[in-house]
Amino acid sequence: MSAPTSSNVPTALVTGASRGIGRAIAIGLAGAGFDVAITARTVHDGDPTAFEPDTGVPLPGSLASTATAIESCGRRAVPTRLDLLDLDALAPAVDAAIAGLGHLDLLVNNAIYVGPGAHRRFLETEPEDLARRVCCNVTAQLLITQRAIAHMVGRGGGLVLDISSAAGQLTPRRPVGEGGWPLAYAVTKAGFHRIADMLALEYGDAGVRAFNLNPGFVATERVLAVEDLAFVADRSVRPEVVGRVVAWFAATGQHRLENGSYHQVTELARELGYLP
Amino acid sequence: MGRLQDRVAVITGAGDGIGRGIARAFAREGARILVAELHPETGAAVADELTAEFGAEAHAVTTDVADEAAVRAMVVAALDRWGTVDILVNNAWGGGSLGRLEYKTNEQMAHGLQVGFYGPFWAMQAALPAMRAQGRGNIINLCSLNGVNAHIGTAEYNCAKEALRALTRTAAREWAPYGIVVNAICPGAKTAASRAVFAANPELELMADAANPMGRLGDPEADIAPVAVFLAGDDARYLTGNTLFVDGGSHINGAPWAPELPDRP
């Protein structure tokens, strides 16, 4: 996986790509001709991280299995194990991706913190857990993005897609446990949501394009395994739809839409005919 | 415990004929089947049939094997669902023409190679990473006596199938170190395509049966598929690069296949 790459092949780094939305985005991009670097904690299926943290339900997926699917699309995969909690490892992981790919055209910030206690109200959330969630849902993305766009600015530009969430903008009708999402998730997603528009403001002139994409409700392996997320599963689209929309966004959408803007994957998917 | 228990098999053109016969035999042996088929209705019907009759895990994907992206997506669909691909059967064929070589168009020849050669080539490339990672894989390519014996009137089919046999041997050598075996079956069977020809020309069916040393063309499920089960399983782990003629002995009997050809297209 260290063969030299031709600079005319488009390249992407997708974080959190062992399963779910990240895996689908990585495969969607590979299907559209991208060589893809991927990060996640789970290296092989069945590793200790391959379980839903609250229930212990095993979850399929790993860096190895996503890399296999990327290669099945005829593209190159550059996998790097990365835990968002390990702040010192973030910029080196971006460097490893760039070194493996030869250059970087697209960063997809998809990974977020996954750990026990995700479905608790504010007072039931341990202080250390609050700090971990802010660290892994905001700080980590800032550090990854900083390294990536330093490279992009040096090359005359690049694209950043931030996988956002309605939780970052809206107040749910009911609290967590009764059909809504928890405070800590909402706060960190709100912070994360402001990266794209500010990147566009500060580095748009340097060729950086940045967008927020809200995937909406997606039937990931974790969603299907957790009873508290049944409300998501009921209204969800398949992860492959998100992958197709991101591939379209990288090829076409980024040039048609206003830099720094925010888009709903399901709306784009309907316009593109990927959803009825 | 079937002979292919829990093995993941991708079978192209599994909506009818030999592909369906192989899918049914694999399902009976416990395999999980991705029914890759150009026609969504027949593909879904076969997947349902495999589940209903054999309790098999089966899933249909609409696949045009002339479309590289669709072929690769077919393999990714198996990876998404079951995590690997153990068995690949390149069986699909369609869109050939019957006519003299001197009147074959570039488009006819290109289409034949696209469906009969490039489709299997892409599928094999796409299946390789998973097979290599697990150190095991069984690939079966459906080829034809039409190519081996040079039956007249089907130049694009003959050329695609013989190119596929060359690819079979090449892959067998290059991928042997990964534990992947690659073999070809040249069947003599009443296929989906031949049914239409025989329906229009009943005397041709009698001739074809009579010309076979066993007095009949084979049945996809009862005669051809059992050999595919063997090639798809561990019993064939040291058998690679071969062509098995599953034809009642037709290949040692010469080929009296000589249809009337139109003078012009």
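Not measured: the values here are computed from a predicted model.

The next thing to look at is the overall build of chain B. Along the backbone of chain B there are nine helices and seven strands. Rg of the C-alpha trace for chain B: 18 Å, near the compact-globule value of 18 Å for 265 residues, within the 12% margin. In terms of its C-alpha atoms, chain B occupies a principal-axis envelope of roughly 50 × 35 × 35 Å. The 265 residues of chain B split such that 49% are buried. Residue pairs at least 24 apart in sequence account for 75% of intrachain contacts in chain B once pairs closer than 6 positions are excluded.

The interface is formed by 12 residues belonging to chain A together with 12 residues belonging to chain B. Elements supplying a minimum of two residues to the side of chain A that touches chain B: α1 (20-31) and α2 (63-72) of chain A. It is α2(A) that provides the largest number of residues to the side of chain A that touches chain B, a total of six residues. Each residue belonging to the side of chain A that touches chain B can be placed in one class, and the counts come to five nonpolar, five polar and two charged.

All names here are of chain A. Read from one edge to the other, the open sheet built from seven strands follows the order β3-β2-β1-β4-β5-β6-β7, with strand pairing classed as parallel. Edge positions in the sheet fall to β3 (77-81) and β7 (262-264), since each has one partner strand and no second. Adjacent strand axes in the sheet meet at a mean angle of 20 degrees when their direction is disregarded. Where strand β6 (residues 208-214) lies against β7, three bridges are found, and the strand directions are parallel.

Okay, the sheet that holds strand β1 (residues 8-12) of chain B next. Residues and elements named next belong to chain B. Read across the sheet, seven strands follow the order β3-β2-β1-β4-β5-β6-β7 without closing on themselves; strand pairing throughout is parallel. In this open sheet, the two strands that pair with only one neighbour each are β3 (58-62) and β7 (243-246). Here the strands of the sheet are splayed against their neighbours by 20 degrees on average, with no regard to which way each runs. Bridge count for β1 against strand β2 (residues 32-37) is five bridges, and the pairing is parallel. Residue pairing for β2: V8 is matched across the bridge by R32. Relative to β1, helix α1 (residues 17-28) is tilted by about 165 degrees, and along the sheet it contacts β1, β2, β3, β4 (87-90), β5 (137-142) and β6 (180-187).

Residue and element names in this part refer to chain A. At a minimum axis distance of 9 Å, the contact between helix α3 (residues 87-101) and helix α4 (residues 127-155) shows a crossing angle of 35 degrees. The way α3 lies across α4 gives a crossing that is right-handed. Within the contact between the two elements, α3 uses L87, L90, A91, V94, D95 and I98 and α4 uses T139, A140, L143, I144, R147, A148 and H151. Within the contact of α3 with α4, the residues separate by chemical class into nine nonpolar, two polar and two charged.

Attention now goes to the confidence of the model for chain B. For chain B, mean pLDDT is 95; residues scoring 70 or higher make up 98% of the total. Interface confidence for the predicted complex, expressed as ipTM, amounts to 0.86; the pTM equals 0.90.

As a further point, take unusual backbone geometry. Residues and elements named next belong to chain B. Here D6, not a glycine, exhibits a phi torsion of approximately 65 degrees, which is positive. With respect to the helices, strands and loops of the structure, D6 is situated in the segment before β1. The exposure class of D6 is exposed, given the 12 C-beta atoms found within 10 Å. Unlike most non-glycine residues, A150 shows phi in positive territory, near 60 degrees. Here A150 falls in the partly exposed class, since 13 other C-beta atoms lie within 10 Å of it.

The next point concerns the environment of B:G249. All names here are of chain B. Its location among the elements puts G249 in the segment after β7. Residue G249 is classed as exposed on the basis of its 11 C-beta neighbours within 10 Å. Sequence separation between G249 and Y157 is 92 residues; the distance between their C-alpha atoms is 21 Å. With sequence-adjacent residues up to four places away left out, G249 is seen in contact with P213 and M214.

Two packed helices can be described by the angle between their axes and the distance between those axes. All names here are of chain B. At a closest axis distance of 10 Å, the pairing of α1 and helix α2 (residues 40-54) adopts a crossing angle of 30 degrees. Considering their axes alone, α1 and α2 lie roughly parallel with respect to each other. Between α1 and α2 lies a crossing of right-handed hand. Note on element contacts: α2 touches α1 through V46, L50 and F54, opposite R20, A23, R24, A27 and R28.

B:I33 and B:A228 are the most contacted members of the largest nonpolar core, which has 148 residues in total. Dropping the residues within four chain positions of it, B:I33 is found in contact with B:A9, B:I11, B:A23, B:F26, B:A27, B:L50, B:A56 and B:A58. Judged by nonpolar contacts, the second largest core, of six residues, contains A:V176, A:W181, A:A184 and A:A186.

Before going further, it helps to spend a moment on helix α4 (residues 106-134) of chain B. Residue and element names in this part refer to chain B. Look at α4: 41 Å from first C-alpha to last across 29 residues, which is about the 42 Å you get at 1.5 Å a residue. Where α4 bends most, at L128, the angle is about 40 degrees, and the proline P129 comes one to four residues later. Just downstream of α4, G135 is the residue with a positive phi angle, here 70 degrees.

The next thing to look at is the environment of A:A40. All names here are of chain A. Mapped onto the fold, A40 is located in strand β2 (residues 35-40). Of the residues examined, A40 has 31 C-beta atoms within 10 Å and is grouped as buried. Considering only alpha carbons, one finds A40 and E178, 138 residues apart in sequence, at a separation of 30 Å. Ignoring sequence-local partners within four residues, the contact set of A40 consists of G16, A17, S18, L63 and L82.

Turning next to the pairing of strand β4 (residues 106-109) of chain A. Residues and elements named next belong to chain A. Of the two faces of β4, the one holding L106 and V108 and the one holding L107 and N109 are both buried throughout. Pairing analysis gives three bridges linking strand β1 (residues 11-15) to β4, with the strands arranged parallel. In the sheet register, L13 faces β4, and the bridge partner there is L107. Following the chain from β4 across α4 to the adjacent parallel strand β5 (residues 158-163), one finds a crossover that is right-handed.

Reading guide: rules and limits
Residues numbered from 1 in each chain as written. Chains lettered and ligands numbered in written order. Predicted model: local features only at pLDDT ≥ 70, side-chain atom pairs only at ≥ 80, totals over all residues. Helix = DSSP H or I, 4+ residues; strand = E, 2+ residues; numbered from the N terminus. Rg over C-alpha atoms; globule rule 2.2 N^0.38 Å. Buried ≥ 20, exposed ≤ 12 C-beta atoms within 10 Å, placed from the backbone. Contact = placed C-beta atoms within 7 Å. Nonpolar A, V, L, I, M, F, W, Y, C, P; charged D, E, K, R; others polar. Pairing = 2+ DSSP bridges. Axes fitted to C-alpha atoms, helices over the stretch in contact; angles between N-to-C directions. Left-handed = near helix turned anticlockwise from the far one by under 90°. pLDDT = per-residue confidence, 0-100. Parallel < 35°, antiparallel > 145°, perpendicular 65-115°, else oblique. Core = buried A, V, L, I, M, F, W, Y, C linked by C-beta atoms within 7 Å. Expected span 1.5 Å × (residues − 1). Bend = angle between axes of the 7 residues up to and from the residue. Right-handed = clockwise from strand over helix to strand, strands pointing away.

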